[in-house]
Amino acid sequence: GENVEQHPSTLSVQEGDSAVIKCTYSDSASNYFPWYKQELGKRPQLIIDIRSNVGEKKDQRIAVTLNKTAKHFSLHITETQPEDSAVYFCAAEGGSQGNLIFGKGTKLSVKP
Amino acid sequence: DTAVSQTPKYLVTQMGNDKSIKCEQNLGHDTMYWYKQDSKKFLKIMFSYNNKELIINETVPNRFSPKSPDKAHLNLHINSLELGDSAVYFCASSTPRRIGNTIYFGEGSWLTVV
């Protein structure tokens, strides 16, 4: 079945710097890769996703890149702000039922 | 008009008790889930239902029994609670796989077993 590895587990940056979180997956048949943001005490919420027919997608300060050959995808946050501090989860669609398999999360801290 | 709502939000109970968590979604989705998030923040799928039918049942003890009376509801019943069951349980629903499989989570139910 699908296995998703996520790195780093913690990331601390200064406000205004960029942050990059990387994920790898094992199932070459996976076609959908969402990213979720979970603020402290809140539910995970979708912030951006990418499908296998594109290599990059941007939404304001957030971008996601996908390399299907290497089976890895990354989240890029530019001009980080304190409110970006949260746990970020990558996920890949896997298995015959297409359920999402989540990475173990990255705790991002943005220092003002 | 919360999209995915679950109750209770907080639950403190003693070992050995039986408890239930209820979940309802008003998004019209066919697929619903239960996820468990432990103290390390790992999100693990427990069950998936599609149109009231069990699709996914990960390695979860038999003490956990989901029930879906209709496609808008997926309740979770837990028998003989153990200390290790303490976690946050998220109910979720998703759009059809063919249009993206976007998961919408409920607010979570914080279960503490003492």
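Residues numbered from 1 in each chain as written. Chains lettered and ligands numbered in written order. Predicted model: local features only at pLDDT ≥ 70, side-chain atom pairs only at ≥ 80, totals over all residues. Heavy atoms only, no water.

**Student:** What should I look at first to understand the interface of chain B and chain A in this one?
**Tutor:** When the parts of a complex come together, some accessible area is lost, and that lost area is often used as the size of the interface. Counting from both sides, the interface comprises 21 residues of chain B and, opposite them, 20 residues of chain A. At the boundary of chain B with chain A, total buried surface from both sides reaches about 1800 Å², with 55% on carbon and sulfur atoms. Counting every contact that joins chain B to chain A gives one salt bridge. Salt-bridge contacts for B:E107 lead to A:R43; the nearest nitrogen and oxygen are separated by 3.2 Å. For the pair chain B and chain A, the interface holds five residue pairs in polar contact (both at pLDDT 80 or more). For the side of chain B that touches chain A, the secondary structure elements donating two or more residues are β4 (31-37), β5 (43-50), β6 (53-57) and β10 (103-105) of chain B. Looking at side-chain class alone, the side of chain B that touches chain A contains 12 nonpolar, six polar and three charged residues. (Contact = heavy atoms within 4.5 Å. Buried area = accessible area lost by both parts, 1.4 Å probe. Salt bridge = Lys/Arg side-chain N within 4 Å of Asp/Glu carboxyl O. Polar contact = N/O pair within 3.5 Å; in protein donor to acceptor, adjacent residues only side chain to side chain. Helix = DSSP H or I, 4+ residues; strand = E, 2+ residues; numbered from the N terminus. Nonpolar A, V, L, I, M, F, W, Y, C, P; charged D, E, K, R; others polar.)

**Student:** Is there a simple way to think about the nonpolar core in this case?
**Tutor:** The nonpolar side chains of soluble globular proteins are, as a tendency, buried together. Of all hydrophobic cores here, the largest spans 22 residues; its most connected members are A:Y25, A:F33, A:W35, A:F73, A:L75, A:Y88 and A:L108. Elements that contribute at least two residues to this core include exactly β2 (10-14), β3 (19-25), β4 (32-38), β5 (45-51), β7 (62-67), β8 (72-77), β9 (86-94) and β11 (106-111) of chain A. B:M32, B:V60, B:L81 and B:Y89 belong to the second largest nonpolar core, which has 20 residues in total. (Core = buried A, V, L, I, M, F, W, Y, C linked by side-chain atoms within 4.5 Å. Buried < 20%, exposed > 50% of the residue type's maximum accessible area, 1.4 Å probe, protein only.)

**Student:** Is there a simple way to think about the side chain of A:D84 in this case?
**Tutor:** Residues and elements named next belong to chain A. Within the fold, D84 resides in the loop between β8 and β9. With relative accessibility at 6%, the residue D84 sits in the buried group. Those residues in contact with D84 that sit more than four places away from it in its chain are K37, R61, I77, E79, L108 and V110.

**Student:** What's the story with unusual backbone geometry in this structure? I'm lost.
**Tutor:** For the bond from A:H7 to A:P8, the omega torsion is -5 degrees, close enough to zero to count as cis. Counting through the fold element by element, A:P8 comes out in the loop between β1 (4-7) and β2. Cis rather than trans, the peptide bond between B:T7 and B:P8 has omega equal to 0 degrees. You can see B:P8 is positioned in the loop between β1 (4-7) and β2 (10-13). In the Ramachandran plot, A:Q60 falls in the positive-phi region, its phi being about 60 degrees despite a non-glycine side chain.

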